[in-house]
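# Overview (structure and organization)
Listed here are the chains, written in short residue letters.
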Amino acid sequence: ALLIALIGGRIIPSFTRNWLVRENPGRLPAPFGQLDKGALVLSAAALIAWIVLPAHPATGVAMIAAGLANLARQTRWAGERTAGEALVLILHLAFLFVPLGFLLAGAGALMPDAVSPAAGMHAFGAGAVGAMVLAVMMRATLGHTGQALTMGRGSKIVFACLIASAAVRIAAALAPQGPGGLMILAGLLWSAAFLGFGLVFGRALIAPRR
């Protein structure tokens, strides 16, 4: 989670800036600054507290503060201006799971009877890690195989399956009646996302570079 907060906070504004300068001039992402540094320090401290004292109220407060700080960072990256290119937009969607994970983990520490402590873990794991890995894999594959940096219909379906899987997995952790069939649905969507990636990009990965 901390690596995504750090590296995502570097590459997402950079890729967004490059695309906006070329395709949609106007407001650009703010440069890496004091807010980013403060959010990362707070995130590291909160995550350490979450490891050592996961159920302590102070941990819950720190996690929620880190979530809000990362959300504030992301509002400065002009993500709402990238709707014209899904390959850039998905990076912003993937990063959203970072503040969501902090907020859910914090709520789980403060209100364990209302919010399952597992919800934050799944927001980080299935959401932030899964979505960011898939988003960067797509971009890297296109770039390094000599293809245009744009998403086709198949790529959009693949990423939609991943986002849906993470959302269902979090919902399963929060469901008051238990996960039930949500676990199976989340697993099927997750499998479909990465199988779909192989089907959409596999040929380009083994063929000669364009």
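Residues numbered from 1 in each chain as written. Predicted model: local features only at pLDDT ≥ 70, side-chain atom pairs only at ≥ 80, totals over all residues. Heavy atoms only, no water.

A few words on the overall build of the protein chain. For the protein chain, the helix and strand inventory stands at eight helices and zero strands. Order of helices (α) and strands (β) in the protein chain, N terminus to C terminus: α-α-α-α-α-α-α-α. For 210 residues, the compact-globule formula gives about 17 Å, and the C-alpha radius of gyration of the protein chain, at 18 Å, lands near that figure. Overall, the protein chain is about 55 × 45 × 25 Å in size when its C-alpha atoms are taken along their principal axes. When burial is assessed residue by residue, the protein chain has 43% of its 210 residues classed as buried. Considering only contacts within the protein chain whose residues lie at least 6 apart along the sequence, 74% involve residues at least 24 apart. Summed over all atoms, the accessible surface of the protein chain reaches about 10200 Å², with 71% contributed by carbon and sulfur. Of the side chains in the protein chain, 15 bear a positive and 5 a negative charge, and the two mean positions are spaced by 9 Å. (Helix = DSSP H or I, 4+ residues; strand = E, 2+ residues; numbered from the N terminus. Rg over C-alpha atoms; globule rule 2.2 N^0.38 Å. Buried < 20%, exposed > 50% of the residue type's maximum accessible area, 1.4 Å probe, protein only. Contact = heavy atoms within 4.5 Å. Areas by Shrake-Rupley, 256 points an atom, 1.4 Å probe, with all protein chains shown as cover. Lys, Arg positive; Asp, Glu negative; His and termini not counted. Charge placed at Lys NZ, Arg CZ, Asp CG, Glu CD.)

All told, the structure shown has five aromatic pairs when counted by the stated rule. Relative to phenylalanine 194, the ring of tryptophan 190 lies with its centre 5.1 Å away and its plane at 45 degrees, an arrangement referred to as tilted. Of this pair, tryptophan 190 and phenylalanine 194 are both found in helix α8 (residues 182-206), four residues apart, which corresponds to roughly one turn of the helix. Aromatic ring contacts, followed pair by pair, group Trp50, Phe102 and Phe124 into a single cluster. Across the ring face of phenylalanine 32, the terminal group of arginine 10 is positioned such that the distance to the ring centre comes to 3.9 Å. Sitting over the face of the ring of phenylalanine 15, arginine 139 holds its NZ or CZ atom 3.9 Å from the ring centroid. (Phe/Tyr/Trp six-rings, centres within 6.5 Å; stacked < 30°, edge-to-face > 60°. Lys NZ or Arg CZ within 6 Å of the ring centre and 35° of its normal.)

On inspection of all chains with the given rule, the structure shows four salt bridges. With a shortest N-O distance of 2.1 Å, glutamate 80 and arginine 27 are connected by a salt bridge. Of this pair, glutamate 80 sits in the loop between α3 (57-74) and α4 (86-95) while arginine 27 is found in the loop between α1 (2-23) and α2 (34-52), placing the two residues 53 residues apart along the sequence. For glutamate 80, a relative accessible area of 53% corresponds to the exposed category. Exposure remark for arginine 27: the relative accessible area of 39% places this residue in the partly exposed category. (Salt bridge = Lys/Arg side-chain N within 4 Å of Asp/Glu carboxyl O.)

Take the nonpolar core next. Counting residues in hydrophobic clusters, the biggest one holds 45 residues, and the most contacted among them are Met63, Phe102, Leu134, Met138 and Phe159. Elements represented by at least two residues in this core include exactly α1, α2, α3, α4, α5 (97-110), α6 (117-144), α7 (153-174) and α8. Per-element accounting of this core gives the leading share, 11 residues, to α6. For phenylalanine 102, the residues in contact, after removing those within four places along its chain, are Ser43, Ala46, Leu47, Met63, Ile64, Ala66, Gly67, Asn70 and Phe124. (Core = buried A, V, L, I, M, F, W, Y, C linked by side-chain atoms within 4.5 Å.)

Attention now moves to the side chain of aspartate 36. Structurally, aspartate 36 is set in helix α2. With relative accessibility at 1%, the residue aspartate 36 sits in the buried group. Of the polar contacts made by the side chain of aspartate 36, one reaches the side chain of arginine 76; its length is 3.4 Å. Non-local contacts of aspartate 36, meaning those with residues more than four positions away in its chain, are made with Pro31, Arg73, Arg76 and Trp77. (Polar contact = N/O pair within 3.5 Å; in protein donor to acceptor, adjacent residues only side chain to side chain.)

In this section: α7. Across its 22 residues, α7 extends 32 Å between first and last C-alpha, which sits within 8% of the 32 Å expected from 1.5 Å per residue. Within the sequence span of α7, burial applies to Ser155, Val158, Phe159, Cys161, Leu162, Ser165, Ala166, Val168, Arg169, Ile170, Ala172 and Ala173. Those residues of α7 that are buried lie in contact with α4, α5, α6 and α8. (Expected span 1.5 Å × (residues − 1).)

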